[in-house]
Amino acid sequence: DLANVVSDFQPFLRINATDYAGSNMGANNIAPDNYATLWTQNPATLAPWEQSDFDGLEVGYLTV
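Residues numbered from 1 in each chain as written. Predicted model: local features only at pLDDT ≥ 70, side-chain atom pairs only at ≥ 80, totals over all residues. Heavy atoms only, no water.

**Student:** Is there a simple way to think about the environment of Tyr20 in this case?
**Tutor:** Turning to its location among the elements, Tyr20 is positioned in strand β2 (residues 18–21). C-alpha separation for the pair Tyr20 and Val59, spaced 39 residues apart in sequence, amounts to 9.6 Å. Look past the residues within four positions of Tyr20 in its chain and what remains in contact with it is Pro11, Phe12, Leu13, Ile15, Trp39, Pro43 and Ala44. (Helix = DSSP H or I, 4+ residues; strand = E, 2+ residues; numbered from the N terminus. Contact = heavy atoms within 4.5 Å.)

So this is what it looks like as structure tokens:
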């Protein structure tokens, strides 16, 4: 049964109900890998992160 196999991961940030997608990372169904994405600046402001930017911030991975 391969119906529930994850074929790709896409990291995202959600800021004020707007989604900012990262690059697809690929999934390895045989040997799970560790994945991390680093946003060095706030994609909503294109400026370095400030403490107030983290209020209401949602982050995660979409799986497909």
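So, next bit.
**Student:** Help me out: how do you make sense of the pattern of salt bridges in this one?
**Tutor:** Pairing of side chains with opposite charge becomes possible as their charged atoms draw close. Counting across every chain of the model gives 2 salt bridges. For Asp19, the salt bridge is made with Arg14, and the minimal N-O distance between the two is 2.6 Å. In this structure Arg14 comes out as partly exposed when scored by relative accessible area, which is 26%. Ionic pairing is found between Glu58 and Arg14, a salt bridge with its closest N-O pair at 3.2 Å. In this pair, Glu58 is assigned in strand β3 (residues 58–63) and Arg14 in strand β1 (residues 9–15), connecting sequence segments 44 residues apart. Among the charged side chains, a salt-bridge network with shared partners connects Arg14, Asp19 and Glu58. (Salt bridge = Lys/Arg side-chain N within 4 Å of Asp/Glu carboxyl O. Buried < 20%, exposed > 50% of the residue type's maximum accessible area, 1.4 Å probe, protein only.)

**Student:** Even after reading the chapter, I still don't get the sheet that holds β2, so can you show me in this structure?
**Tutor:** Remark on secondary structure: sheet strands pair via backbone hydrogen bonds, oriented parallel or antiparallel. Strand order in the open sheet made by the 3 strands is β2-β1-β3, with antiparallel pairing throughout. A strand with exactly one partner marks an edge of an open sheet, and here the two such strands are β2 and β3. Pairwise comparison of adjacent strand axes, ignoring direction, gives a mean angle of 30° for this sheet. Pairing analysis gives 4 bridges linking β1 to β2, with the strands arranged antiparallel. Counted as the bridge partner of Phe12 is Ala21 from β2. (Pairing = 2+ DSSP bridges. Axes fitted to C-alpha atoms, helices over the stretch in contact; angles between N-to-C directions.)

**Student:** Help me out: how do you make sense of the packing of aromatic side chains in this one?
**Tutor:** Aromatic ring pairs: the centre-centre distance and the angle between the two ring planes describe each pair. Counted under the stated rule, the structure contains 2 aromatic pairs. Judged by centre distance (6.4 Å) and plane angle (80°), the rings of Phe9 and Tyr61 are edge-to-face. Here the residue Phe9 occupies a position in strand β1, and Tyr61 occupies one in strand β3, the gap between them amounting to 52 residues. An angle of 20° between the planes, with centres 5.3 Å apart, marks the rings of Trp49 and Phe54 as stacked. (Phe/Tyr/Trp six-rings, centres within 6.5 Å; stacked < 30°, edge-to-face > 60°.)

**Student:** Where do I start with the side chain of Asp53 in this structure?
**Tutor:** Relative to the assigned elements, Asp53 resides in the loop between β2 and β3. Here Asp53 is buried and forms no salt bridge, its nearest opposite-charge partner Arg14 lying at an N-O distance of 16 Å. At a separation of 3.4 Å, a polar atom in the side chain of Asp53 contacts the side chain of Asn42. (Lys, Arg positive; Asp, Glu negative; His and termini not counted. Polar contact = N/O pair within 3.5 Å; in protein donor to acceptor, adjacent residues only side chain to side chain.)

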